[in-house]
Amino acid sequence: MPTVLIVDDHAGFRRMARRMLEEGGFRVVAEAVDGAGALAAVLEHHPELVLLDVQLPDLDGFAVAEALALDAFPPVVVLTSSRSSSEYGTRVGRSPARGFVPKADLSGPALAELFAPG
Amino acid sequence: MNLPPRARLQAGLAVLALALLGISARLAVVGGGPLYQVGKELLVGALFVIAGLAGWARRPDSRTGPLMAAAGLVWLLARVFIWSGTGSFVFTVGLILVVTPIALIAHMAVGFPGGRISSKLERAIVVSAYLVILAGVGFLDVGACPDCPANLLLVGPGGIGRWAETAIEVATLLSIAAFVATLARHWLRGTPATRRMLVPVLPTASLYAAISATFVLVELGLPLRPVKSWETVEYIAILAVPLAFLAGLLRSRLARADVGTLVVELGEGSGGELRGALAKALRDPTVEVAYWTDDPGGYRHADGQAMDLSLHGQDRTATVIERKGLRVGALVHDRALLDDPALLDSVCAAAGLALENQRLHAEVVARLEDVRTSRARIVEAGDAERQRVERNLHDGAQQRLVSLSMALRMARDRVGASGDPSLVGLLGDASEELNLALRELRELAAGLHPPILTDEGLEAALESLAERSAVPVELSLGAPGRLAAPVEVAAYYVVSEALANAAKHARASHAVVRTCRADHQLDVEVVDDGVGGAAARPGSGLEGLTDRVEALGGTLCVESRPGEGTRLVAHIPCG
């Protein structure tokens with residue numbers, strides 16, 4: 001079962017995402033509320049997937065994704081936001097993250113598709 | 001008649017002059033004098049009285065008018081005495097009166113234009129003129145004629161003798177020379193305003209002095225033939241004297257017409273020309289304008305430097321300019337202008353108007369600057385508020401609705417597995433409706449304030465905007481880096497509004513967005529190939545854009561002829 005770290009500063013979203021991912025066949029190993037917490041949790045839990053909100057109180061999701069990409073065995077990063085990816089211009093495309101899923105379209109299968117394409 | 005005392009005095013003197021004219025004419029006719037000669041004599045006196053009263057009336061502040069009128073009256077009175085034929089005493093008084101006007105003319109010329117004798121030297125010259133003239137009656141046989149009564153004052157050849165006569169004649173010559181020198185000194189030292197008034201006086205007085213000197217020189221035995229025509233010249237010279245003095249007095253009065261021009265010139269604006277226009281109107285190139293400031297109280301030059309009104313030469317003085325009872329400034333000018341208070345008053349009134357206009361103009365400029373900055377502040381405050389609302393929406397309602405949408409989708413999936421199709425349908429509809437609400441909310445939030453603008457700057461925000469635009473957009477961006485937030489926001493909204501219009505109203509198929517930053521200015525251009533016809537109508541988005549750009553000191557130009565597409569160009573100062 002793939003392990004997941006959920007990073008979002010909204011408790012409501014984290015709770016809902018945990019349920020949704022666990023139903024979708026993921027194991028949520030940790031949650032983080034900000035960028036620094038996310039980096040620490042990755043070091044500690046070595047998740048295979050990080051569901052990363054773009055808007056965080058300290059670093060933004062793009063910066064966290066870039067930091068994680070420097071890791072020797074980087075986790076797969078999927079960005080998410082209540083905004084659409086076009087509202088971030090070309091930043092999503094330039095980011096080392098594997099993909100972007102709007103929160104409104106988030107589902108276990110959508111994430112599974114990005115995590116293990118094909 | 002309810003006349004002021006001075007006018008009554010002048011009227012009285014005019015009546016007296018008429019009476020003297022009548023009496024002397026009557027005496028002359030009875031005495032059998034040649035009418036032509038009598039007329040010539042009386043004309044001189046009458047002219048002095050008329051010119052004197054006219055000058056007095058127009059320039060009541062100057063003593064020249066009264067002195068001239070006095071000379072005329074004495075002239076006429078002298079004829080009454082001389083022609084009365086009632087004995088030696090009356091005749092002798094008449095002789096004194098005959099020569100007195102010459103001293104009065106000298107007095108008038110030395111004191112011209114104010115009529116006041118200002119220095120001891122001038123007083124000495126005037127006093128010596130009176131003494132020499134009176135001495136002439138005693139020692140020179142000025143009134144000698146075969147049929148005349150005796151000159152009681154005459155000290156005959158048997159008395160003091162030829163030496164005294166020569167001494168008096170030399171004193172007369174010296175007196176005339178001093179008189180001419182005084183006039184020359186007035187001219188040389190005079191300010192332009194004084195010289196203007198001296199123009200008619202100087203040659204006339206000099207001519208009269210020269211003629212008088214010539215007669216004295218002949219008496220002294222110089223080989224000058226007393227040509228008959230000299231008497232004609234003397235007569236013309238004495239006639240010219242009152243006219244010249246009156247003309248001199250009126251010259252400043254004639255300048256009054258320039259005040260009208262001054263008012264027009266000042267009304268036409270150009271505040272910097274105030275000094276020049278005043279100098280022209282007052283004919284005083286040295287005139288200076290002092291501006292009064294209340295805080296701190298004091299006079300200043302046009303450049304703001306403090307100005308001490310007491311620091312000016314002896315020939316200059318300051319006149320305070322008031323407007324509606326309040327001090328607005330002062331003119332530092334030629335002292336001679338004090339002789340024409342009416343001219344000074346009207347020029348000061350015009351200058352007061354101009355100074356007040358300048359003050360009001362400065363106030364308007366300052367207020368305009370206040371309005372401009374407050375307008376920029378209002379736009380900035382509006383932007384900050386929009387940004388705050390966007391963030392609140394994003395962090396609050398939007399997040400909760402996203403979680404709700406996820407819960408609904410999960411519920412639908414679970415129910416779907418166990419059955420009850422109507423509940424699956426209901427949950428599916430609810431989820432779809434919620435997603436539509438979320439999209440609308442997201443668009444509303446993005447319209448309020450695009451977070452990418454704050455996070456990434458104008459170029460990233462414009463790229464995002466182009467990507468989301470309903471009309472295909474070609475970008476040509478030449479303003480990398482960050483700009484002041486209000487500038488970025490304004491530029492963003494210009495492009496956003498233009499692209500929205502291109503899609504919504506212009507039905508364009510293509511749009512080009514260009515930015516360029518040069519010379520502390522950001523240029524933003526959006527061109528589309530739509531139907532055109534756009535204008536910044538009241539209440540339109542374009543009007544709002546114009547306000548936003550102008551609040552930053554920029555300009556927005558809309559070219560949109562029907563059928564020729566739309567071109568929006570904004571120039572925004574960006575430090």
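Residues numbered from 1 in each chain as written. Chains lettered and ligands numbered in written order. Predicted model: local features only at pLDDT ≥ 70, side-chain atom pairs only at ≥ 80, totals over all residues.

## Here we look at the nonpolar core
Looking at soluble globular proteins, one finds that nonpolar side chains tend to be buried together. Note the threshold: The term nonpolar core refers to a set of buried Ala, Val, Leu, Ile, Met, Phe, Trp, Tyr and Cys residues connected through C-beta atoms within 7 Å. To sort residues by burial, count the other C-beta atoms lying within 10 Å of each one's C-beta; a count of 20 or more means buried, 12 or fewer means exposed, and anything in between means partly exposed. C-beta atoms are built from the backbone. Runs of E in the DSSP output that reach at least two residues are strands. Runs of H or I that reach at least four are helices, and both are numbered from the N terminus.
Counting 77 residues, the largest nonpolar core has Val50(A), Leu51(A), Leu52(A), Ala491(B), Val494(B) and Val495(B) as the members making the most contacts within it. Considering each element in turn, this core owes the most residues, eleven residues, to helix H15 (residues 485-504) of chain B. Judged by nonpolar contacts, the second largest core, of 65 residues, contains Trp75(B), Trp83(B), Ile176(B) and Phe245(B).

## Considerations on the interface of chain A and chain B
Put simply, an interface is often sized by how much accessible area is lost when its parts join up. Stated precisely, the cut-off is as follows: C-beta atoms are placed from the backbone for every residue, and two residues are taken to be in contact when these atoms lie within 7 Å. Amino acid classes used here: Ala, Val, Leu, Ile, Met, Phe, Trp, Tyr, Cys and Pro are nonpolar; Asp, Glu, Lys and Arg are charged; the rest, including Gly, are polar.
Between chain A and chain B, the residue contacts involve 20 residues of the former and 24 residues of the latter. Residue contributions to the side of chain A that touches chain B peak at six residues, all from helix H1 (residues 11-23) of chain A. Residues belonging to the side of chain A that touches chain B are distributed by class as follows: six nonpolar, eight polar and six charged.

## A word on the sheet that holds strand E4 (residues 76-81) of chain A
All names here are of chain A. Stated formally: Strands are treated as partners if at least two bridges between them are detected by DSSP. Axis definition: a line fitted to C-alpha atoms, limited for helices to the stretch in contact. Angles are taken between N-to-C directions and run from 0 to 180 degrees.
One open sheet holds the five strands; their spatial order is E2-E1-E3-E4-E5, and the pairing between them is parallel. In this open sheet, the two edge strands, each paired with only one partner strand, are strand E2 (27-32) and strand E5 (99-102). Ignoring strand direction, the axes of neighbouring strands in this sheet form an average angle of 25 degrees. In terms of strand pairing, E4 meets E5 through four bridges, oriented parallel. If you follow Thr80 over to E5, its bridge partner there is Val101. Contacts from helix H3 (residues 61-69) reach strand E3 (49-53) and E4, with the element oriented near 155 degrees to E3.

## Re the packing of helix H3 (residues 64-84) of chain B against helix H4 (residues 88-111) of chain B
Residues and elements named next belong to chain B. Applicable threshold: An angle below 35 degrees is treated as roughly parallel, one above 145 as roughly antiparallel, one from 65 to 115 as roughly perpendicular, and anything else as oblique. Left-handed is the label given to a crossing in which the near helix is rotated counterclockwise from the far helix by less than a right angle, and right-handed is the label when the rotation is clockwise.
Running from N to C, H3 and H4 cross one another at 160 degrees; their axes reach a closest spacing of 8 Å. When the interaxial angle is binned, H3 and H4 end up roughly antiparallel. In this structure, the crossing between H3 and H4 has a hand that is left-handed. On H4, the residues touching Thr64, Leu67, Met68, Ala70, Ala71, Val74, Trp75, Leu77, Ala78, Phe81, Ile82 and Ser84 of H3 are Val90, Phe91, Val93, Gly94, Leu97, Val98, Thr100, Pro101, Leu104, Ile105, His107 and Met108. Looking at side-chain class alone, the contact of H3 with H4 contains 19 nonpolar, five polar and no charged residues.

## Looking at unusual backbone geometry
Among all residues save glycine, negative phi is the norm, and among peptide bonds the norm is trans. All names here are of chain B. Phi at Asp519 is positive, roughly 50 degrees, even though this residue is not glycine. Relative to the helices and strands, Asp519 is located in the loop between strand E7 (511-518) and strand E8 (521-528). A residue is classified by how many C-beta atoms lie within 10 Å of it, and Asp519, with 7 of them, is exposed. Notably, His520 is not glycine yet its phi reads approximately 55 degrees, a positive angle.

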